[in-house]
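An overview of the molecular structure
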Amino acid sequence: MTTDLDLSSAIAALDEYGYDKKASMDLEQARNKQQMGKYLKSLDYSLRRLQVLQETVNELVEEKKHQLAQQESIQTYKTKIINLSRELNLSYEEVVAIMAKLPKSK
């Protein structure tokens, strides 16, 4: 009987913790502009700290955009190699090996 009560108490505590975590003002839980704005206002940052935060976020956004553009370019390049391998009736690996042997142009 005590084990059942302990288990029930533990489950209730975990449920309450999960609810509290969802209801808390936490940037990790913020999913939209309004929630993020509310969290940032709760930090009560000075204008200077907000400007540093803005600068940092802008840099991270640009970095992420650059990474996504690189991934897209790589995927496009891979698709072109796949199409070339089909056209030449070679495997992808064979085309890449041939390309690696070619002299590098400047």
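Residues numbered from 1 in each chain as written. Predicted model: local features only at pLDDT ≥ 70, side-chain atom pairs only at ≥ 80, totals over all residues. Heavy atoms only, no water.

1. Details of the overall build of the protein
Here is the rule we go by: In this description a helix means any DSSP run of H or I spanning at least four residues, a strand means any run of E spanning at least two, and both kinds are numbered starting from the N terminus. For each residue, the accessible area found with a 1.4 Å probe, counting protein chains only, is set against the maximum for its type, and the residue is called buried under 20%, exposed over 50%, and partly exposed in between. Exposure was quantified through the Shrake-Rupley algorithm and a 1.4 Å probe, taking into account, for residues, occlusion by the shown protein chains and nothing else.
Looking only at helices and strands, one finds four helices and zero strands in the protein. Moving toward the C terminus, one meets the helices and strands of the protein in the order α-α-α-α. Sorting the 106 residues of the protein into buried and exposed places 5% on the buried side. Accessible surface, the protein: about 10000 Å² in total, of which carbon and sulfur atoms supply 57%.

2. Structural notes on a nonpolar patch on the surface
Formally: Patch membership needs two things, relative accessible area over 30% and no salt bridge, and members are linked within 9 Å if like-charged or within 5 Å if nonpolar (Val, Leu, Ile, Met, Phe, Trp, Tyr). Salt bridges are identified by distance alone: a Lys or Arg side-chain nitrogen within 4 Å of an Asp or Glu carboxyl oxygen.
Together, Tyr77, Ile98, Met99 and Leu102 make up an exposed nonpolar region whose accessible area comes to about 380 Å². Looking at the element boundaries, leucine 102 is found in the segment after α4 (92-101).

3. Quick notes on unusual backbone geometry
Backbone geometry places aspartate 44, a non-glycine residue, at a positive phi of 55 degrees. Looking at the element boundaries, aspartate 44 is found in the loop between α2 (33-43) and α3 (47-88). Aspartate 44 gets classed as exposed once you look at its relative accessible area, which sits at 66%. The backbone of asparagine 89 shows a phi angle near 60 degrees, a positive value even though the residue is not glycine. Within the fold, asparagine 89 resides in the loop between α3 and α4. Judged by relative accessible area, which is 70%, asparagine 89 ranks as exposed.

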